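# A closer look at the structure
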Amino acid sequence: PEVFVDKYADKESKLYQVGDVITYTVDVTQQIQDAVAKNVILTDTILTEGVKLQKDSIVLLDAEHHVVSDAKISVTGNSYTIHAADFLQSVEAGEKYTVEYQVVIVDEDLIGKEIENQVVVRSDNAPEAEDEEKVKVEKPKEPEKPQKPEEPQKPQEPQKPQEPQKPQEQQPRQEKAESIKTGDGANLIVLMLFVILSCTAIITCVKITSKTK
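Notes on the structure follow. All values derive from a computational prediction rather than experimental measurement.

Here we come to the pattern of salt bridges. The tally for this structure, following the rule as stated, stands at four salt bridges. Here Lys7 and Asp44 are joined by a salt bridge, their closest N and O atoms 2.6 Å apart. Remark: Asp44 occurs in strand E4 (residues 36-46) and Lys7 occurs in strand E1 (residues 3-9); sequence separation between them is 37 residues. A salt bridge links Lys14 to Glu133; its shortest N-O distance comes to 2.6 Å. Pair noted here: Lys14 is in the loop between E1 and strand E2 (15-16) and Glu133 is in strand E10 (residues 126-137), with a separation of 119 residues, a long-range link. Accessibility expressed as a relative area gives 30% for Lys14, which makes it partly exposed.

Structure (structure tokens):
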């Protein structure tokens, strides 16, 4: 017989952060047709400190994904061992074992480092088979800064209605007194002479009249 084992983590990117839970899957098959592997024992060990094996998560499943209830599982620290069965037939016979379990990343010192673990499958009549899986712990992503909401524009203050301009008081026009036209100076002198002469003539006439009486 020839035993084959394949181990992989649940994320294809193999990138995790502190506090994440890693789910591992281990598939065990026997590759030679009509051959049988006897007394199959699987041992899986986490080689990197800073993670914690969740022992209650360890489960052994058959090819139909049913729990193998009579499997013997023992846990020591971050390592477990499963006595799967007395015999494991070939893939063509429809036999396969699958182990699922979880670990939690608890140490921040693992940031930027890899977590390595290894599984080994032994059988009484088959060569030992092994596989390993490495995942990396990345820095936590910085939360995106929330964009500041735009400040609502202040409503423009209503413009005060302009006070109607007071009509300017119109000052009454001072009408210029029309100047009395007095005529030319020469006409005035002639008039005065005429008046004087008239008065003289009248006086003279009065005197002559008086003498004749």
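That covers the picture; the talk isn't over yet.
A cluster of nonpolar side chains, namely Leu188, Leu191, Met192, Phe194 and Val195, defines an oily patch on the protein surface of about 510 Å² accessible area. Along the chain, the position of Leu188 falls in helix H1 (residues 185-212).

Before going further, it helps to examine the sheet that holds strand E3 (residues 21-30). Taken in spatial order, the four strands of this open sheet run E1-E3-E8-E5, and their pairing is antiparallel. Where the open sheet ends on each side, the last strands, each with one partner, are E1 and strand E5 (51-61). The sheet shows a mean angle of 20 degrees between the axes of neighbouring strands, direction not considered. Sheet topology note: the E1/E3 ladder contains seven bridges and is antiparallel. Among the inter-strand pairings, Val3 is bridged to a residue of E3, identified as Gln30.

Moving on to the sheet that holds strand E9 (residues 114-123). The sheet built from six strands is open, its strands ordered E2-E10-E9-E4-E7-E6 with mixed pairing. Each edge of the open sheet is held by one strand with a lone partner, namely E2 and strand E6 (72-76). Taken together, the six bridges between E4 and E9 define a ladder with antiparallel strand orientation. Along E9, the bridge assignment pairs Asp44 with Val119.

Reading guide: rules and limits
- Residues numbered from 1 in each chain as written.
- Predicted model: local features only at pLDDT ≥ 70, side-chain atom pairs only at ≥ 80, totals over all residues.
- Heavy atoms only, no water.
- Salt bridge = Lys/Arg side-chain N within 4 Å of Asp/Glu carboxyl O.
- Helix = DSSP H or I, 4+ residues; strand = E, 2+ residues; numbered from the N terminus.
- Buried < 20%, exposed > 50% of the residue type's maximum accessible area, 1.4 Å probe, protein only.
- Patch = residues over 30% accessible without salt bridge, like charges linked within 9 Å, V, L, I, M, F, W, Y side chains within 5 Å.
- Areas by Shrake-Rupley, 256 points an atom, 1.4 Å probe, with all protein chains shown as cover.
- Pairing = 2+ DSSP bridges.
- Axes fitted to C-alpha atoms, helices over the stretch in contact; angles between N-to-C directions.

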